[in-house]
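A look at the structure
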Amino acid sequence: MSRRLKVMLVAAEASGDALGAGLARALKARLDEEVTFVGVGGAAMAAEGVVSPFDIAELSILGWLEGLKAYGIVKRRVADTVALAQAERPDAVVLIDSWGFTIRVAKAIREVLPDVPLIKYVGPQVWASRPGRAKTLAGAVDHLLALYAFDAPWFEREGLATTVVGSQALHVDMGGADPAAFRAARGIAAEAPLLLVLPGSRPSEIRLMTPVYGEAVARLKAARPELEVAVAVAGTVADQVRAELAGWGMPIHQVDEAGKYAAMKAATVALATSGTVSTELALAGAPMVIGYRFQPLSYAIMRPFFTGKYATLFNHAADAEIARELIQKDATPEAFAAEVGRLLDDPAARTDQAARQTAALDLMGRGGRDPSEIAAEAVLRVIVERNG
């Protein structure tokens, strides 16, 4: 580029913060000192030079009911973000994930800065629910950076230029994760069955899922006294998770972010709240059962808009329920105990499921280039095209 660029990055959750940080690093690797950043993000983006005007933790919202309750906060933070864009006049704005927040930001920036290109990084999962969002997004931004090839046709049909960059979750480096050392450090015998529970990273997920998992684990332990149990404690909800675990009444191996991948590789079976973690577990070779619950009123409002067969990405890619999904009314302690118990008791079923999970990851694009590098190229291409 012939002049120094200013790129605005906007992320409202921890996962988006990580994507924004990766994109910032890739842009700096290409442009060196010829790019600066402004925007909204968390600690990872701050480390790359993005100074956020507010703490994004208050924007970690899931569900329509929860969104309504937080509407006032969201509205204020949208205004703060737009004011930052007006003050900084960036060459492009990249809006990362977090549909409810970023689509409002996109529309508001479009009104006040109509000539600034808007790029959405991670589109809404219209293959799973609310396909009308593809048309909404096409009318609000100039370009989409999609994670998977199966995303692109939904948006391209609405006239939105789309670049498939791939998912960073498929590029997680687990080379340093040592399952044997994980077990040894916690006194878990090499042959002992180990259940890894991953309750989630949002406060609502912990509140809704952890008690159900606790009851399921109690049933599993009663039938299998030798079962070892580990629980992943996400940093964003660590105190909340530990408070829940105190009521489980059994020894639990608590696992922080640093030990998460080793725990995944060490696990005999995993029980996980639906999300990106399912892809990471598949990469680690861990057979899993997936669960999710929404607030009842939120689910009643949202249910008619669910159009996909599966919530788990690799299940969707394979068009098969490789990992069992227990959602809402099906997400009971009895069902979780039955499905996890089936895998614990059947080594052949575990081996088969792990192999099918791995094959599905290939369908999702595993083994491609670094998504951050592809995203950086696309962002620069959009800026060049806009400037003629």
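Residues numbered from 1 in each chain as written. Predicted model: local features only at pLDDT ≥ 70, side-chain atom pairs only at ≥ 80, totals over all residues. Heavy atoms only, no water.

1. Some remarks on the overall build of the protein
Counted only if it meets this: Helix and strand definitions follow DSSP, with helices as H or I runs of at least four residues and strands as E runs of at least two, each counted in order from the N terminus. Contact definition: two residues touch when any of their heavy atoms are within 4.5 Å. When charges are counted, Lys and Arg are positive and Asp and Glu negative, with His and the chain ends excluded. Throughout, a charge is located at the NZ atom of Lys, the CZ atom of Arg, the CG atom of Asp or the CD atom of Glu.
Secondary structure summary: the protein contains 17 helices and 12 strands in total. C-alpha atoms of the protein, sized along the principal axes, occupy 65 × 45 × 40 Å. Within the protein, contacts between residues at least 6 apart in sequence are counted, and of these 70% link residues at least 24 apart. Here the protein contributes 41 positively and 45 negatively charged side chains, and the mean placements of these two sets differ by 5 Å.

2. Overview of helix α16 (residues 347-363)
Threshold: One fewer than the residue count of a helix, multiplied by 1.5 Å, yields its expected span. The rule is simple: take the accessible area with a 1.4 Å probe, protein chains only, and divide by the maximum for that residue type; under 20% is buried, over 50% is exposed, in between is partly exposed. To be clear, the arc concerns the directions from the helix axis to the C-beta atoms. A 3.5 Å cut-off defines polar contacts: any pair of N or O atoms within that distance qualifies, except that in protein one atom must be a possible hydrogen donor and the other a possible acceptor, and neighbouring residues in sequence count only when both atoms are side-chain atoms.
Here α16 contains 17 residues, and its C-alpha end-to-end distance of 25 Å stays within 8% of the 24 Å for a straight helix at 1.5 Å per residue. Taken together, the buried positions of α16 are Ala349, Arg350, Gln353, Ala354, Gln357, Ala360 and Leu361. Taken around the axis of α16, the buried residues stretch over an arc of 130 degrees, which confines them to a single face. More than 90 degrees from the buried face of α16, the exposed residues found are Ala348, Thr351 and Leu363. The inward-facing, buried residues of α16 abut β10 (269-273), α12 (277-284), β11 (288-292), α14 (313-318) and α15 (333-345). In this structure Asp346 caps α16, since a side-chain oxygen of it lies 3.2 Å from the backbone nitrogen of Ala348.

3. A short note on the side chain of Thr162
Examined against the element boundaries, Thr162 turns out to sit in strand β6 (residues 161-164). Discounting chain neighbours no more than four positions away, the residues touching Thr162 are His143, Leu144, Ala146, Ala152, Phe155 and Glu156.

4. Here we look at the sheet that holds β11
Just so we agree on the cut-off: One bridge is not enough; two strands pair if DSSP finds at least two bridges between them. Orientation is described by axes fitted as lines to C-alpha atoms, over the contacting stretch for helices, and by angles from 0 to 180 degrees between their N-to-C directions.
With respect to topology, 6 strands assemble into an open sheet ordered β9-β8-β7-β10-β11-β12, the strand pairing being parallel. Either end of the sheet is taken by a strand with one partner, and the two such strands are β9 (253-255) and β12 (324-327). Averaged over neighbouring strand pairs, the angle between their axes works out to 20 degrees when direction is ignored. Along the sheet face, α15 touches β7 (194-198), β10, β11 and β12 and points at about 170 degrees away from the line of β11.

5. Structural notes on the packing of helix α1 (residues 14-31) against helix α17 (residues 371-387)
The relative placement of two packed helices comes down to the angle between their axes together with the axis-to-axis distance. To keep it simple, the criterion reads: Should an angle lie under 35 degrees it is considered roughly parallel, over 145 roughly antiparallel, and from 65 to 115 roughly perpendicular; all remaining angles are considered oblique. Handedness of a crossing is defined here by the sense of rotation of the near helix relative to the far one, left-handed for an anticlockwise turn of less than a right angle and right-handed for a clockwise turn. Each residue receives one of three labels: charged for Asp, Glu, Lys and Arg, nonpolar for Ala, Val, Leu, Ile, Met, Phe, Trp, Tyr, Cys and Pro, and polar for the others, Gly being one of them.
The geometry of α1 relative to α17 is characterised by a closest axis approach of 8 Å and an angle of 65 degrees between their N-to-C directions. Overall, the two elements α1 and α17 adopt an arrangement that is roughly perpendicular. The interaxial crossing formed by α1 with α17 has right-handed handedness. Counted together, Gly22, Leu23, Ala26, Leu27, Arg30 and Leu31 of α1 and Ser372, Glu373, Ala375, Ala376, Glu377, Val379 and Leu380 of α17 form the full contact between these two elements. Its residues placed into classes, the contact of α1 with α17 shows 8 nonpolar, 2 polar and 3 charged.

6. Digging into the packing of aromatic side chains
The geometry of two aromatic rings is summed up by the distance between their centres and the angle between their planes. Quick reminder of the rule: For this analysis, a ring pair means two rings from Phe, Tyr or Trp (six-membered ring only for Trp) whose centres lie within 6.5 Å, classed as stacked if their planes differ by under 30 degrees, edge-to-face if by over 60, and tilted for the remaining angles. Consider the ring centre and the ring normal. A charge sits over the ring if Lys NZ or Arg CZ is within 6 Å of that centre and within 35 degrees of that normal.
Scanning all chains against the criterion turns up 4 aromatic pairs. Aromatic pair Trp127 and Phe150: ring centres 5.7 Å apart, planes at 85 degrees, arrangement edge-to-face. Residue Trp127 is found in the loop between β4 (118-121) and α6 (133-138), and its partner Phe150 is found in the loop between β5 (143-146) and α7 (152-156); the two are separated by 23 residues along the sequence. Here the aromatic rings of Tyr213 and Phe336 are separated by 5.3 Å at their centres, their planes lie at 70 degrees, and the arrangement is edge-to-face. Taken as a pair, Tyr213 in helix α9 (residues 203-223) and Phe336 in helix α15 lie far apart in primary sequence, 123 residues in all. On the accessibility criterion, Tyr213 (0% relative accessible area) is buried. Judged by its relative accessible area of 0%, Phe336 falls in the buried class. Taken together, Trp127, Tyr148 and Phe150 form an aromatic cluster joined through their ring pairs. Cation over ring: Arg157 sits above Trp154, and NZ or CZ is 5.2 Å from the ring centre.

7. Quick notes on the sheet that holds strand β2 (residues 35-40)
An order of β2-β1-β3-β4-β5-β6 is seen for the 6 strands of this open sheet, with the pairing classed as parallel. Where the open sheet ends on each side, the last strands, each with one partner, are β2 and β6. Neighbouring strand axes in the sheet, compared pairwise and without regard to direction, differ in orientation by 20 degrees on average. Bridge count between strand β3 (residues 92-96) and β4: 4 bridges; the pairing is parallel.

8. Topic: the nonpolar core
What counts here: Within this scheme, the nonpolar core is defined by two criteria: the residues are buried Ala, Val, Leu, Ile, Met, Phe, Trp, Tyr or Cys, and they are joined through side-chain atoms within 4.5 Å.
Core analysis: the largest hydrophobic core is formed by 70 residues, its most contacted members being Leu9, Leu23, Val94, Tyr121, Leu198 and Leu281. Tallying contributions element by element places α17 first for this core, with 8 residues. If we ignore the near neighbours within four places in the chain, the residues touching Leu9 are Gly20, Leu23, Ala24, Phe37, Val38, Gly39, Val40, Met45, Val50 and Val94.

9. Thoughts on the environment of Gly20
Examined against the element boundaries, Gly20 turns out to sit in helix α1. Using a relative accessible area of 0% as the deciding quantity, one classes Gly20 as buried. Expressed as a C-alpha distance, the spacing of Gly20 and Gly39, which sit 19 residues apart in the sequence, is 9.9 Å.

10. Some remarks on the pattern of salt bridges
Applicable threshold: For salt bridges, the criterion is a side-chain nitrogen of Lys or Arg within 4 Å of an Asp or Glu carboxyl oxygen.
All told, the structure shown has 22 salt bridges when counted by the stated rule. Across the salt bridge formed by Glu334 and Arg219, the nearest N and O atoms sit 3.1 Å from each other. With a gap of 115 residues between them, Glu334 in helix α15 and Arg219 in helix α9 connect regions that are remote in the sequence. Accessibility expressed as a relative area gives 41% for Arg219, which makes it partly exposed.

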